[in-house]
Amino acid sequence: GGKGLIVSFGEMLIDFVPTVSGVSLAEAPGFLKAPGGAPANVAIAVTRLGGRSAFVGKLGDDEFGHMLAGILKENGVNCDGINFDQGARTALAFVTLRADGEREFMFYRNPSADMLLKPEELNLELIRSAKVFHYGSISLIVEPCRSAHLEAMQVAKDAGALLSYDPNLRLPLWPSPEEAREQIKSIWDKADIIKVSDVELEFLTGSDKIDDENAMTLWHPNLTLLLVTLGEHGCRYYTKHFHGHVEAFHVNTVDTTGAGDSFVGALLCNIVDDRSILEDEGKLRKVLKFANACGAITTTKKGAIPALPTEADVLSLIDG
Ligand code: ADP
């Protein structure tokens, strides 16, 4: 109670992950179901930390879609903004890390239900009640869900929400940086908060220099906070008035899936009730330390959702 609502908009899907690592998809002896999709992970990251969130998106009216909605509900995420498509099925991904270190993806998306959300299907009342509106699915750049995306953003913004964007580019899949920048421009330019990974920074700028000058080429006039996450090196932050670096925590990493979503969930959970954090470097650094701890803990267990920490987990890493 008393906490502002974070609405997370976009895709939820199931990753099928091989039961053994370091093999190609074709060689996998079997697969485990790993529910995910960045916006859904963020929604659950928020409730696990004790915040309030809602997920807005479309699932197939099938076994997998109902399983995913059940996971959100079990985790205390408001599901009043979920639609079930009567025709298309829930998105599925087969994801593996091959022995050569390359990520391999295969998607069931032709098209999947998440891509078919229409503007008239949006739960506008729910979206208007958001204090923070977070988005970041590459599937949302195609119609009809692109129009739904732009409308939802505008409605949230008009109602006073902060807009938070994580491009989640799933890089091996993207044709070129020019195309990526063009496709995401209309959603990028409206965000108040943007978080990119170091890999996305390199890709979007076309420069492998992970420095301040390069990061600032991603700046746009409406932006309040730009974050670059650096995995085991923590994160860098940029605002109109100050910038800097916050170190990561040392942990025993087994699987980094969901670390970025956990980081974002933690950040938004703090900002939703206190926007002064965005103008106060001391406060912001404290929140980013908390977010780094969340990301770090998420890497210590397999999968994304099972690895998301509670507030107590985070405080014990920070204080320990
Ligand atoms: P993404 O998942 O978007 O690629 P990162 O991998 O950079 O994002 O992770 C987000 C945050 O999680 C990092 O800024 C860092 O604080 C934390 N983190 C990620 N990987 C590690 C790691 N190996 N050790 C400690 N912290 C990590």
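Residues numbered from 1 in each chain as written. Predicted model: local features only at pLDDT ≥ 70, side-chain atom pairs only at ≥ 80, totals over all residues. Heavy atoms only, no water.

Visitor: Just checking my understanding: could you explain the site of the ligand for this structure?
Guide: Near the ligand you find 17 residues, and of these Lys-195, Gly-231, Gly-234, Gly-260 and Asn-292 are the closest. Between the ligand and Gly-234 there is a distance of 2.9 Å, counted from an oxygen atom to a backbone nitrogen or oxygen. At a separation of 3.1 Å, a nitrogen atom of the ligand approaches a polar side-chain atom of Thr-253. Considering the ligand on its own, with 540 Å² of exposed area, one finds that the protein chains cover 84% of that surface. Looking at the shell around the ligand, the elements that each hand over two or more residues are strand 10 (193–197), helix 8 (259–271) and helix 9 (281–298). When residues in the shell around the ligand are grouped by element, the largest group, three residues, is from helix 9. (Near = heavy atom within 4 Å. Polar contact = N/O pair within 3.5 Å; in protein donor to acceptor, adjacent residues only side chain to side chain. Areas by Shrake-Rupley, 256 points an atom, 1.4 Å probe, with all protein chains shown as cover. Helix = DSSP H or I, 4+ residues; strand = E, 2+ residues; numbered from the N terminus.)

Visitor: Where do I start with the sheet that holds strand 3 (residues 31–36) in this structure?
Guide: In any sheet, the strands associate via hydrogen bonds between backbone groups, in a parallel or an antiparallel arrangement. Strands sit in the order 3-2-6-7 across an open sheet of four strands; the sheet is mixed. Where the open sheet ends on each side, the last strands, each with one partner, are strand 3 and strand 7 (103–108). Taken over all neighbouring pairs, the strand axes of this sheet differ in orientation by 25° on average, direction set aside. One ladder, built from three bridges, connects strand 2 (residues 13–18) with strand 6 (residues 92–97); its direction is parallel. From the neighbouring strand, Ile-14 faces strand 6, where its bridge partner is Leu-92. (Pairing = 2+ DSSP bridges. Axes fitted to C-alpha atoms, helices over the stretch in contact; angles between N-to-C directions.)

Visitor: Help me understand the sheet that holds strand 9 (residues 162–165) in this model?
Guide: Taken in spatial order, the nine strands of this open sheet run 5-4-1-8-9-10-11-12-13, and their pairing is mixed. In the strand order of this sheet, the two ends are held by strand 5 (78–85) and strand 13 (243–246), each with one partner. Averaged over all pairs of adjacent strands, the angle between strand axes in this sheet comes to 15°, irrespective of strand direction. Here five bridges tie strand 1 (residues 5–9) to strand 8 (residues 130–135), and the two strands are oriented parallel to one another. Opposite Leu-5, over in strand 8, you have Ala-130 as the bridge partner. On the sheet, helix 1 (residues 38–48) packs against strand 1, strand 4 (52–60) and strand 8 and is oriented at approximately 150° with respect to strand 4. Of the strands in this sheet, strand 10 and strand 11 (225–229) are in contact with helix 6 (residues 198–205), which crosses strand 10 at around 95°. (Contact = heavy atoms within 4.5 Å.)

Visitor: Help me out: how do you make sense of the pairing of strand 11 in this one?
Guide: When a strand is regular, its side chains alternate between the sheet's two faces. Counting buried positions along strand 11 yields five of five residues, so the element is predominantly enclosed. Because side chains alternate across strand 11, one face comprises the buried residues Leu-225, Leu-227 and Thr-229, and the other comprises Leu-226 and Val-228, equally buried. With five bridges joining them, strand 10 and strand 11 adopt parallel strand pairing. Bridging from a neighbouring strand, Val-196 pairs with Val-228 of strand 11. In the sheet, strand 11 pairs with strand 12 (residues 235–238) via four bridges, with the strands oriented antiparallel. (Buried < 20%, exposed > 50% of the residue type's maximum accessible area, 1.4 Å probe, protein only.)

Visitor: Quick question: what am I supposed to make of the side chain of Ser-164 here?
Guide: Tracing the backbone through its elements, the reader meets Ser-164 in strand 9. Here Ser-164 is in contact with Val-132, Phe-133, His-134, Tyr-135, Ile-193, Val-264 and Leu-268, once residues within four sequence places are set aside.

Visitor: When you look at the nonpolar core in this model, what are you seeing that I'm missing?
Guide: For soluble globular proteins, the rule of thumb is that nonpolar side chains tend to be buried together. Of all hydrophobic cores here, the largest spans 45 residues; its most connected members are Phe-9, Phe-133, Tyr-135 and Leu-204. If you tally residues by element for this core, the top one is helix 4 (residues 145–158), at six residues. Setting aside chain neighbours within four positions, we find Leu-204 in contact with Leu-169, Pro-177, Ala-180, Arg-181, Ile-184, Trp-188, Val-196 and Leu-218. Cys-235, Leu-288, Ala-291 and Ile-297 belong to the second-largest nonpolar core, a separate cluster that totals 34 residues. (Core = buried A, V, L, I, M, F, W, Y, C linked by side-chain atoms within 4.5 Å.)

Visitor: Whenever I open this one, the packing of helix 5 (residues 177–188) against helix 6 confuses me. Can you help?
Guide: Helix packing for two helices is described by the angle between their axes and how far apart those axes are. For the pair helix 5 and helix 6, interaxial distance at closest approach is 9 Å and the crossing angle is 110°. With respect to their mutual orientation, helix 5 and helix 6 come out roughly perpendicular. Where helix 5 approaches helix 6, its residues Pro-177, Ala-180, Arg-181, Ile-184 and Trp-188 are matched on the opposing element by Phe-203, Leu-204 and Thr-205. (Parallel < 35°, antiparallel > 145°, perpendicular 65-115°, else oblique.)

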